[in-house]
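Summary of structural features
The lines below spell out each chain.
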Amino acid sequence: MADEEYTSLDYDELNAKALSAPLVKHIYTADPSAHVFDGKIYVYPSHDIEGGVPFNDNGDHFCMEDYHVFSMASPDAEAMDHGVALHVDDVPWAARQMWAPDAARKDGQYYLYFPAKRADGIFQIGVAIGDSPVGPFKAEPEPIAGSYSIDPAVFEDEDGSHYIYFGGLWGGQLQKYRNNEYGQSHEEPADDEPALGPIVAPLSGDMKGFAAEPREIQILDEKGEPLLAGDHERRYFEGPWMHKYRGKYYFSYSTGDTHYLCYATGDSPYGPFTYQGRILTPVVGWTTHHSICEYEGAWYLFYHDSSLSKGVTHLRCVKMAELTYDEQGRINTLDPYPG
Ligand code: FUB
């Protein structure tokens, strides 16, 4: 849908039937990455602003400058804003566009992972470190060596090892890379070729770098064949997330231009993953982005839409809803506006 189509909706009607109200209303927030630390939920979102940058296909109008962290004492509690946790001016290598972040904890330290553009317009991923889950975080002077593209998501496995997933097409620049190398002439593969996959790397013990070369993840169809680039309803676009349920790895993501949140399952954090289905049908606004976390035995989906701004695609609001599984471990698809 074009932006005008979102802005012309009846928002009283839409909000009345929405699955969730915005968690935060005093600023615009998006791309929520949620984690439970010491019994509290912490949400690490993007902080959307109106920067007056004209709309384009590269998403330059998503011109965010800082991050706020929110905490919730329980899933029903209010989201508390802990203020600016990191600003682009305090990141030596970054020039603009602080897009979707994530966070992790190890040995009492907290690590905020974030993508931003360098002055030459290339996205890389940085890490900033703090003593508290809500920051402030101090950025490392350089981006993570060998990192590229956007949307870092960090998963801690049961053995304590951490993996970082990343990558996003179009404005996120993933189509410019093959085997971790940038090529100006690279574009998305033809429709009948395998789709580009998201990227994964194990994190080093100090959480500041990759412990091994990043690898491309394969997402397979029901016949074990890689999803094709033309399969826009199922192929990976951006916004990776990993969680584990009953011993299986659930890799979830956005399909971008078809606006679904989908998932695929596998037996290793590296994949391959087999496509299973949809988690969330399209929200209002072009982007859809999520995280999944467990709180006291129940599972929650954190997502966003553009309802708070009445349909402005780059002014979004974070929401949450309970996520359920059927007996076979399949995620029950949610409709953001079921009423
Ligand atoms: O927030 C900017 C970009 O929009 C994110 O990095 C994408 O995942 C999409 O939500």
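Residues numbered from 1 in each chain as written. Predicted model: local features only at pLDDT ≥ 70, side-chain atom pairs only at ≥ 80, totals over all residues. Heavy atoms only, no water.

Identification of the protein chain as Glycoside hydrolase family 43 protein from Gilvimarinus algae is taken from an unreviewed UniProt entry. What the UniProt record of the protein chain gives under Sequence similarities (unreviewed entry) is the line "Belongs to the glycosyl hydrolase 43 family." (UniProt positions renumbered as here; feature names shortened; annotations may be inferred.)

A look at the nonpolar core
Tyr113, Ile164, Tyr165, Ile219, Phe251 and Tyr253 are the most contacted members of the largest nonpolar core, which has 39 residues in total. Counting residues per element, the ones that place at least two in this core are strand S6 (109–117), strand S7 (123–130), strand S9 (153–156), strand S10 (162–166), strand S13 (199–202), strand S17 (248–254), strand S18 (261–266) and strand S19 (273–280). Sorting elements by how many residues they give to this core places S10 first, with four residues. (Core = buried A, V, L, I, M, F, W, Y, C linked by side-chain atoms within 4.5 Å. Buried < 20%, exposed > 50% of the residue type's maximum accessible area, 1.4 Å probe, protein only. Helix = DSSP H or I, 4+ residues; strand = E, 2+ residues; numbered from the N terminus.)

Here's the deal with the sheet that holds strand S3 (residues 66–72)
On the basis of which strands lie adjacent, the open sheet formed by four strands has the order S1-S2-S3-S4 and antiparallel pairing. In this open sheet, the two edge strands, each paired with only one partner strand, are strand S1 (28–37) and strand S4 (80–87). Across the sheet, the mean angle from the axis of one strand to that of its neighbour is 25 degrees, orientation sign disregarded. As paired elements, S1 and strand S2 (residues 40–48) share eight bridges and run antiparallel to each other. Pairing of valine 36 across the sheet is with isoleucine 41, part of S2. (Pairing = 2+ DSSP bridges. Axes fitted to C-alpha atoms, helices over the stretch in contact; angles between N-to-C directions.)

Some words on the side chain of serine 147
Along the chain, serine 147 turns up in the loop between strand S8 (138–139) and S9. For serine 147, the side chain forms a polar contact with the main-chain nitrogen of isoleucine 125, separated by 3.1 Å. When residues no more than four places from it in sequence are discounted, the contact partners of serine 147 are Gln124, Ile125 and Phe210. (Polar contact = N/O pair within 3.5 Å; in protein donor to acceptor, adjacent residues only side chain to side chain. Contact = heavy atoms within 4.5 Å.)

Side note on the site of the ligand
All residues in the neighbourhood of the ligand are listed as Asp31, Ser46, Met64, Trp99, Ala100, Ile150, Asp151, Glu238, Thr287, His289, His304 and Arg316. In this structure, aspartate 151 approaches the ligand through a side-chain N or O atom, which is 2.5 Å from an oxygen atom. With respect to the ligand, the side chain of histidine 289 contributes an N or O atom lying 2.7 Å from an oxygen atom. Computed on the free molecule, the ligand has an accessible area of 280 Å², of which 98% lies beneath the protein chains in the complex. (Near = heavy atom within 4 Å. Areas by Shrake-Rupley, 256 points an atom, 1.4 Å probe, with all protein chains shown as cover.)

Observations regarding the pattern of salt bridges
According to the stated counting rule, one finds 15 salt bridges in the structure shown. Residue aspartate 48 pairs with arginine 316 through a salt bridge whose shortest N-O separation is 2.7 Å. Here aspartate 48 is found in strand S2, whereas its partner arginine 316 is found in the loop between strand S21 (298–305) and strand S22 (317–323), with 268 residues between them in sequence. The residue arginine 234 makes a salt bridge to aspartate 231 at a minimum N-O spacing of 2.8 Å. (Salt bridge = Lys/Arg side-chain N within 4 Å of Asp/Glu carboxyl O.)

Focus on the pairing of strand S5 (residues 102–106)
One ladder, built from five bridges, connects S5 with S6; its direction is antiparallel. Looking at S6, one finds that alanine 103 is bridged to leucine 112.

Considerations on the packing of aromatic side chains
Taken as a whole and assessed by the stated rule, the structure comprises 26 aromatic pairs. Look at tyrosine 148 and phenylalanine 166: their rings are 5.3 Å apart centre to centre, the planes differ by 90 degrees, and that puts the pair in the edge-to-face class. Placement of the pair is tyrosine 148 in the loop between S8 and S9 and phenylalanine 166 in strand S10, with a sequence separation of 18 residues. Relative accessible area serves as the criterion here: at 3%, tyrosine 148 is assigned to the buried category. Taking the relative accessible area as the measure of exposure, phenylalanine 166 reaches 0% and is therefore buried. Ring geometry for tyrosine 236 versus tyrosine 253: centroids 5.6 Å apart, planes at 50 degrees, classification tilted. One end of the pair, tyrosine 236, is in the loop between strand S15 (219–220) and strand S16 (238–245); the other, tyrosine 253, is in strand S17, and 17 residues separate them in sequence. Taking relative accessible area as the criterion, tyrosine 253 reaches 0% and is therefore assigned buried. Taken together, the ring pairs in this structure connect Tyr148, Phe166, Tyr177, Tyr182 and Phe210 into an aromatic cluster. Stacked on the ring of tyrosine 275, the Lys or Arg arginine 234 has its end atom at 5.3 Å from the ring centre. Just above the ring of tyrosine 260 sits the side chain of arginine 278; from NZ or CZ to the centre is 3.6 Å. (Phe/Tyr/Trp six-rings, centres within 6.5 Å; stacked < 30°, edge-to-face > 60°. Lys NZ or Arg CZ within 6 Å of the ring centre and 35° of its normal.)

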